[in-house]
Amino acid sequence: MPKAKNTTMSETSSVSSQSNNVLYVMMAVITVFSIYLFVKVMTLEKKVASGGSGTTVQQESPLKVDNLKKYAKELKLNTGKFNKCLDDGAKKAAVEAQTAYGSSVGVQGTPGFFINGRFLAGAFPFEFFKEIIDKELAGTGSTDCTAYSTELQKYCSDPQNQAFNPVPKEVDVKNAQVKGPKTAKVTVVEFSDFECPFCIRAFPTVEQILKEYKNDVRFYFMQFPLTQIHPNAQKAAEASLCAADQGKFWEFHDKLFTLESAQ
């Protein structure tokens, strides 16, 4: 009887050992396959990041100084004058002065608009601008929030954070870049930052305003780079004023916003 018992125990041990071996093999196969999948995924991510080349490439800002100089050349500016203007910081004080002035009239972020002095802060849809402009053209603009649509009223009700303030404020535009007829009944002043994503979003809205109100709106552009969060905005602003010295501010302005929109 003891002998039979030992045989049974030996058979059980053998089966257990075989099961363990199979388990080890399966675990090894799973491990190898997992490593293979990991390598394949990492390779694919690198290809996607590099546009398929297999090499990871960090995207460069289109507003780097070297790029700004390249755009000046593409726009057929006198690059010698432009580069000197930019490298010497000839427009630094002018940009800083416009930014300081914007702060003094209540601009805290970008984009900030004054429509016949009525403040609208943010990249709002065209319809918001249209309502305000149409009232100005009709002579029915009001300092009372309730005179406007319920949508605009939402942004007028909080006195601590008014995105829309219908009380007109006089804005000095003598240093602004301007387009539109002098006889226009409505002025739109924008304080903007070339690196600001909301300004980029507002760019086509401004273009639509100028197209649909080409005889009724005079548009002014003021610099307001948010240098604390946009490292390339200051130089981009300076570059646009260097281009303005050669009569091509708007071409440079449009190029920067178009390039940023494509990012």
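This text goes with the structure placed above it.
Here the residue index of a chain counts from 1 through its sequence in written order. Where totals are concerned, whole chains, interfaces and linings use all residues; where local detail is concerned, this predicted model gives features only for residues with pLDDT of at least 70, and gives and counts side-chain atom pairs only at 80 or more. Hydrogen atoms and water are omitted, and side-chain values are computed over all heavy atoms in the structure.

S.K.: Explain the overall build of the chain to me, using residue names and the numbers behind them.
M.R.: Scanning the chain for helices and strands turns up 9 helices and 6 strands. Looking at the 263 residues of the chain, the share that counts as buried comes to 38%. In this analysis, two residues are considered to be in contact whenever any of their non-hydrogen atoms come within 4.5 Å of each other. Here the contacts in the chain between residues at least 6 apart in sequence split such that 73% fall between residues at least 24 apart. Here the open area of atoms and residues is found with the Shrake-Rupley method and a 1.4 Å probe, where only the protein chains shown may cover a residue. Summed over all atoms, the accessible surface of the chain reaches about 15300 Å², with 56% contributed by carbon and sulfur. Helical segments are the DSSP runs of H or I of at least four residues, strand segments are the runs of E of at least two, and each set is numbered from the N terminus. For the exposure calls, accessible area comes from a 1.4 Å probe over protein chains only, and a residue counts as buried if that area is under 20% of its type's maximum, exposed if over 50%, partly exposed in between.

S.K.: Any chance you could break down helix 4 (residues 92-104) for me, citing the residues and the numbers?
M.R.: Helix length check: helix 4 (13 residues) gives 18 Å between terminal C-alpha atoms against 18 Å at 1.5 Å per residue, within 8%. Within helix 4, burial applies to Val95, Gln98, Thr99 and Gly102. For helix 4, the angular spread of buried residues about the axis comes to 100 degrees, placing them on one side. Opposite the buried face of helix 4, by more than 90 degrees, sit the exposed residues Ala93 and Ser104. Buried-residue contacts for helix 4 involve strand 5 (186-192), strand 6 (217-223) and helix 8 (233-244). How far a helix is expected to stretch is found by multiplying one less than its residue total by 1.5 Å. Read the arc as the range of directions from the helix axis to the C-beta atoms.

S.K.: Residue-level account of the sheet that holds strand 1 (residues 112-115), with values.
M.R.: DSSP calls a pair of strands paired once it identifies at least 2 bridges connecting them. An order of 3-2-1-5-6-4 is seen for the 6 strands of this open sheet, with the pairing classed as mixed. This sheet does not close on itself; its edge strands, each paired only once, are strand 3 (164-165) and strand 4 (177-179). Strand direction decides the pairing type here: strand 1 and strand 5, joined by 4 bridges, are antiparallel. Across the sheet, residue Phe113 finds its bridge partner in strand 5, namely Glu190. Lines fitted to C-alpha atoms define the axes, with helix axes restricted to the stretch in contact, and inter-axis angles between N-to-C directions lie between 0 and 180 degrees. Seen against the sheet, helix 7 (residues 197-212) touches strand 1, strand 4, strand 5 and strand 6 and runs at an angle of roughly 155 degrees to strand 6.

S.K.: Which residues make up the packing of aromatic side chains, and what are the values?
M.R.: Each aromatic ring pair is specified by the distance between its two centres and by the angle formed by the two planes. Stacked, tilted and edge-to-face are the three classes assigned to paired rings of Phe, Tyr and Trp, where Trp is represented by its six-membered ring and a pair needs centres within 6.5 Å; plane angles under 30 degrees give stacked, over 60 edge-to-face, the rest tilted. If you walk through the whole model with that rule in mind, you get 16 aromatic pairs. Here the aromatic rings of Phe124 and Tyr155 are separated by 4.8 Å at their centres, their planes lie at 70 degrees, and the arrangement is edge-to-face. One end of the pair, Phe124, is in the loop between strand 2 (118-121) and helix 5 (126-138); the other, Tyr155, is in the loop between helix 6 (150-154) and strand 3, and 31 residues separate them in sequence. Taking relative accessible area as the criterion, Phe124 reaches 10% and is therefore assigned buried.

S.K.: Could you give an account of helix 2 (residues 65-74), with specific residues and numbers?
M.R.: Residues of helix 2 that are buried include every one of Asn67, Leu68, Tyr71 and Ala72, and no others. The buried residues of helix 2 occupy one face: seen down the axis, they fall within an arc of 150 degrees. Exposed and oriented more than 90 degrees from the buried face of helix 2 are Asp66 and Lys73. Directly after helix 2, the chain includes Lys76, whose backbone phi takes a positive value near 60 degrees.

S.K.: Could you give an account of the nonpolar core, naming the residues involved and the relevant values?
M.R.: Ranked by size, the top nonpolar core spans 48 residues in total, and within it Leu68, Phe82, Leu120 and Phe252 carry the most contacts. Beyond its immediate chain neighbours, meaning those up to four positions away, Leu68 contacts Leu63, Phe82, Leu86, Lys235, Ala236, Ala239, Phe252 and Leu256. Of all hydrophobic cores here, the second largest spans 12 residues; its members include Val105, Val107, Val171 and Met222. We define a nonpolar core as any set of buried Ala, Val, Leu, Ile, Met, Phe, Trp, Tyr and Cys residues linked to one another through side-chain atoms lying within 4.5 Å.

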